[in-house]
Amino acid sequence: QVQLVESGGGLVQAGDSLRLSCAASGRTFSPYYMAWFRQSPGKEREFVAGITWTGGTTKYADSVKGRFTISQDKAKNTVYLQMNSLIPEDTAVYYCAATDTRFYVRIPTTVHEYNYWGQGTQVTVSS
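Here the structure is a predicted model, which means the values were calculated and not measured. (Residues numbered from 1 in each chain as written. Predicted model: local features only at pLDDT ≥ 70, side-chain atom pairs only at ≥ 80, totals over all residues. Heavy atoms only, no water.)

Undergrad: Looking at this structure, I do not really get the pattern of salt bridges. What am I missing?
TA: A pair can form between side chains of opposite charge whenever their charged atoms are brought close. Scanning the model with the defined rule gives 4 salt bridges in all. Between Asp 90 and Arg 38 there is a salt bridge, with the nearest N and O atoms lying 2.9 Å from each other. Highlighted residues: Asp 90 in the loop between β8 (78-83) and β9 (92-99) and Arg 38 in strand β4 (residues 33-39), separated in sequence by 52 residues. When the shortest N-O distance is used, the salt bridge between Lys 65 and Asp 62 registers 3.1 Å. (Salt bridge = Lys/Arg side-chain N within 4 Å of Asp/Glu carboxyl O. Helix = DSSP H or I, 4+ residues; strand = E, 2+ residues; numbered from the N terminus.)

Now the structure itself:
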């Protein structure tokens with residue numbers, strides 16, 4: 001059973017930075033993609049950033065492009081999300097996701113395309 005555990009969330013002020021981590025546990029975990037999603041109360045879970053595990057190519061939501069950076073440490077089965085210039089609109093529960101089902105033409109950006117999920121970590125940005 002693969003488990004994903006997020007850490008690094010917290011309460012910060014607008015303009016601050018946070019670095020989220022997602023560590024995968026399990027036997028020889030080799031996903032095709034890992035990603036970060038976020039969800040605010042009453043809203044759909046939305047794609048934030050994704051990375052191709054083998055090649056390191058990345059994709060970002062327009063709302064975070066230029067501010068967030070997704071990266072990986074394959075030896076540690078860990079993916080990171082560096083969040084800079086945070087704004088109140090970034091406030092949400094952030095979820096780590098992974099999929100080992102198959103390769104896609106593009107980095108998947110929908111919830112149903114990922115089969116492993118973390119428990120989420122709260123990020124709150126005050127104005």
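What follows picks up the thread again.
Undergrad: Looking at this model, I keep getting lost on the sheet that holds strand β1 (residues 3-7). Mind explaining?
TA: Think of a sheet as strands paired side by side through backbone hydrogen bonds, with each pair either parallel or antiparallel. Read from one edge of the open sheet, 4 strands run β1-β3-β8-β7, paired in antiparallel fashion. Each edge of the open sheet is held by one strand with a lone partner, namely β1 and β7 (68-73). Each strand of the sheet is rotated relative to its neighbour by a mean of 15 degrees, with strand direction disregarded. Looking at chain direction, β7 and β8 are connected through 6 bridges and run antiparallel. In the sheet register, Asp 73 faces β8, and the bridge partner there is Thr 78. (Pairing = 2+ DSSP bridges. Axes fitted to C-alpha atoms, helices over the stretch in contact; angles between N-to-C directions.)

Undergrad: Whenever I open this one, the packing of aromatic side chains confuses me. Can you help?
TA: Within a pair of aromatic rings, the relevant descriptors are the distance that separates the centres and the angle that separates the planes. Evaluated as defined, the whole model comprises 8 aromatic pairs. Ring centres 5.9 Å apart and planes at 80 degrees place the aromatic pair Phe 29 and Tyr 116 in the edge-to-face group. Residue Phe 29 is located in the loop between β3 (18-25) and β4, and its partner Tyr 116 is located in strand β10 (residues 116-117); the two are separated by 87 residues in the primary sequence. According to the relative accessible area criterion, Tyr 116 is buried, its value standing at 19%. Ring plane angle 90 degrees and centroid distance 6.1 Å describe the contact between Tyr 33 and Phe 103, whose orientation is recorded as edge-to-face. Here the residue Tyr 33 occupies a position in strand β4, and Phe 103 occupies one in the loop between β9 and β10, the gap between them amounting to 70 residues. Given a relative accessible area of 45%, Phe 103 falls into the partly exposed group. Its guanidinium or amino end placed over the ring of Trp 117, Arg 45 lies 5.0 Å from that ring's centre, counting from NZ or CZ. (Phe/Tyr/Trp six-rings, centres within 6.5 Å; stacked < 30°, edge-to-face > 60°. Buried < 20%, exposed > 50% of the residue type's maximum accessible area, 1.4 Å probe, protein only. Lys NZ or Arg CZ within 6 Å of the ring centre and 35° of its normal.)

Undergrad: Help me understand the pairing of strand β11 (residues 121-126), please; the structure alone is not making it clear to me.
TA: On any regular strand, side chains alternate: one points to one face of the sheet, the next to the other face. Taking every second residue as pointing to the same face, the buried face of β11 carries Thr 121, Val 123 and Val 125, while none of Gln 122, Thr 124 and Ser 126 on the other face is buried. Pairing analysis gives 4 bridges linking strand β2 (residues 10-13) to β11, with the strands arranged parallel. Within the sheet, the bridge partner assigned to Gly 10 lies in β11 and is Val 123.

Undergrad: Quick question: what am I supposed to make of the nonpolar core here?
TA: Generally speaking, a soluble globular protein has its nonpolar side chains buried in company with each other. Membership of the largest hydrophobic core comes to 30 residues, with the highest contact counts inside it found for Leu 4, Met 34, Trp 36, Val 79, Leu 81, Met 83 and Tyr 94. Counting 8 residues, the second-largest nonpolar core is a separate cluster that includes Tyr 33, Phe 37, Phe 47 and Tyr 114. (Core = buried A, V, L, I, M, F, W, Y, C linked by side-chain atoms within 4.5 Å.)

Undergrad: Please explain the environment of Thr 54 as it appears in this structure.
TA: Among the structural elements, Thr 54 can be located in the loop between β5 (46-52) and β6 (58-60). Under the relative-accessibility criterion, Thr 54 is labelled exposed at 52%. Linking Thr 54 and Lys 76, residues 22 residues apart in sequence, is a C-alpha distance of 14 Å. Dropping the residues within four chain positions of it, Thr 54 is found in contact with Lys 74 and Phe 103. (Contact = heavy atoms within 4.5 Å.)

None of the figures reported here should be taken as evidence of function without further support.
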